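Spelled out from the first residue to the last, the chains are:
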Amino acid sequence: MRKIIHCDCDCFYASVEMRDNKALCSLPIAVGGSKNGRGVLTTCNYIARSFGVRSAMPTRTALQLCPRLVILPVDMQKYRDVSNQIKAIFLEFTERVEPVSLDEAYLDVSYNKEFSGSASLLANHIREKIHSEVGVTASAGIAPNKFLAKIASDINKPNGQFVITPNDVDAFMPGLNIRKIPGVGTISEKKLNKLGIYTCSDIQSSSPDALIKAMGSFGEVLLKRSFGIDDREVQHKHVRKSISIERTFPEDLKDFEACLKKVPYLLENFQNRLSRLSDKYHVKTCFLKIKFNDFSQTTLEKNSIKTFTVENLESLIYEAWIRKSRPVRLMGLGARISLNGKDKAKRQLELLS
Ligand code: TTP
Ligand code: MG
């Protein structure tokens, strides 16, 4: 039996903008196209949603619903950076991470030992970490498979989570509306409604032949899903090129001395991350990243450094810090990694087959 966490950030682009400008937190805001052009919103915060504003809505319509809506331009590079930071947090807990979009991923935590194996407590911990280190909130679903985890992550949004245990599945499924099933859009919904199908209970009791005749092979999938069955694995077998940890400090580190004090903490976190790396990989070089309080950042990497020690990390920090000599907002440690010879050859064969 698997344990899957589906993690999805709340109003992602809008959350990042609120993080960077606290004055926006109490206002209805949206991110997207300008009101003068034929702009469309990418997303909006939950205050804006209370006015009926939604993702993919034309800006003009949104402004009719909520005239005070603050509209911000899209800053994809910033969202990508935040997304990478969040992904790095996931990878601190398991290699089995399948990112679905910038703000969403599946984690297979079946083999995790933290919190005596409680995936629910682990999900809570991961969400807290995302909040404290990245500054945005995320919601999570915890379930025995990807389909159920995805549905669960939506139930207590924003900033919440929901668990569906294997024992809950039979009671949970019948009442689920078909619109909640990924892949069922307006067209499929209409087709299913014509067959008298509105909920998973209706699918469960429908004739499989009629379902497949109307929906093709998707009919078979629907039948499985209606019973809460999903055998898909978390697809995580991408070849990793680097691993890293990053820590944003609650208060900026005001000078080099303050940075040095964080060395044991950073090393411990990095070693922890390294210990989770599959033994198929080896480290090629290590690197340090520093982000200053003006948001500029610098990375330092030396071919000679293949492992971090207190000594070499202190000298790396000095070399990087002196480049700007100003307070530090974030420090990160990373390693460039490569598959070992045998695993590399195997991987190449897999790619060819
Ligand atoms: P979603 O996770 O679908 O939405 P969300 O994170 O904004 O809100 P929720 O709390 O409901 O999860 O999408 C993630 C980001 O993708 C979203 O912040 C902006 C972008 N996006 C678009 O650009 N266009 C769209 O139509 C949607 C739905 C999202
Ligand atoms: Mg989201």
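In this report, the structure presented in the accompanying data block is examined.

Analysis parameters
- Residues numbered from 1 in each chain as written.
- Chains lettered and ligands numbered in written order.
- Predicted model: local features only at pLDDT ≥ 70, side-chain atom pairs only at ≥ 80, totals over all residues.
- Heavy atoms only, no water.
- Near = heavy atom within 4 Å.
- Areas by Shrake-Rupley, 256 points an atom, 1.4 Å probe, with all protein chains shown as cover.
- Helix = DSSP H or I, 4+ residues; strand = E, 2+ residues; numbered from the N terminus.
- Nonpolar A, V, L, I, M, F, W, Y, C, P; charged D, E, K, R; others polar.
- Domains from an automatic or database assignment.
- Salt bridge = Lys/Arg side-chain N within 4 Å of Asp/Glu carboxyl O.
- Buried < 20%, exposed > 50% of the residue type's maximum accessible area, 1.4 Å probe, protein only.
- Donors = N, O, S within 2.8 Å, 3.2 Å for Na, K, Ca; no water.
- Tetrahedral: all angles 85-135°; square planar, octahedral: opposite > 155°, others 65-115°.
- Pairing = 2+ DSSP bridges.
- Axes fitted to C-alpha atoms, helices over the stretch in contact; angles between N-to-C directions.
- Contact = heavy atoms within 4.5 Å.

On to the site of ligand 1. Every one of the 14 residues lining ligand 1 counts as a neighbour, but Cys11, Thr43, Tyr46, Arg49 and Asp103 are closest to it. For ligand 1, whose accessible area on its own is 560 Å², the fraction buried by protein is 68%. Where the shell around ligand 1 is concerned, the elements lending two or more residues are β1 (4-9), α1 (12-20), β3 (41-44) and α2 (46-49). Its residues placed into classes, the shell around ligand 1 shows six nonpolar, three polar and five charged. Shared between two domains, the shell around ligand 1 takes at least three residues from each, and those domains are domain 1 (4-10 + 77-167) and domain 2 (13-75).

Time to look at the pattern of salt bridges. Throughout the structure, instances matching the rule amount to 22 salt bridges. Residues Glu133 and Lys129 are paired through a salt bridge, measuring 3.3 Å at the closest nitrogen-oxygen approach. Of the two residues, Glu133 and Lys129 both sit in helix α5 (residues 119-134), four residues apart, roughly one turn of that helix. By the burial criterion, Glu133 is buried, and Lys129 matches it. Note that Arg179 is salt-bridged to Glu189, the shortest N-O span being 2.8 Å. You can see Arg179 sitting in the loop between α7 (169-172) and α8 (186-194) and its partner Glu189 sitting in helix α8, a full 10 residues away along the chain. What you see here is one network of salt bridges that share partners, running through Glu17, Arg19, Asp20 and Lys78.

Coordination sphere of the magnesium ion (ligand 2), protein contribution only: Asp8 (OD), Cys9 (O) and Asp103 (OD), at 2.0 to 2.3 Å. In this structure, the magnesium ion (ligand 2) is surrounded by six donor atoms whose angles at the metal cover 79 to 177 degrees, and the resulting shape is octahedral. Within one chain, the residues donating to the magnesium ion (ligand 2) are spaced in sequence as D-C-x93-D. Residue Asp8 is found in strand β1, and its partner Asp103 is found in the loop between β5 (97-101) and β6 (104-108); the two are separated by 95 residues along the sequence. Take Asp8: its relative accessible area is 13%, and that puts it in the buried class.

In this section: the pairing of strand β12 (residues 328-339). The element β12 is largely enclosed, with a buried count of 10 among its 12 residues. As defined by bridge partners, strand β9 (residues 242-253) adjoins β12 across eight bridges and the pair is classed as antiparallel. Looking at the pairing, Thr248 lines up with Leu330 of β12. Sheet topology places strand β10 (residues 281-292) next to β12; 11 bridges connect them, and they run antiparallel.

Strand order in the open sheet made by the five strands is β5-β6-β1-β7-β8, with mixed pairing throughout. Strands at the two margins of the open sheet, each flanked by one partner only, are β5 and β8 (161-163). For this sheet, the mean angle separating the axes of adjacent strands, direction not counted, is 15 degrees. Strand contacts of helix α4 (residues 76-93): β1, β5 and β6, with the helix running at about 155 degrees to β5, the strand carrying the most contacts.

These figures capture arrangement, not role.
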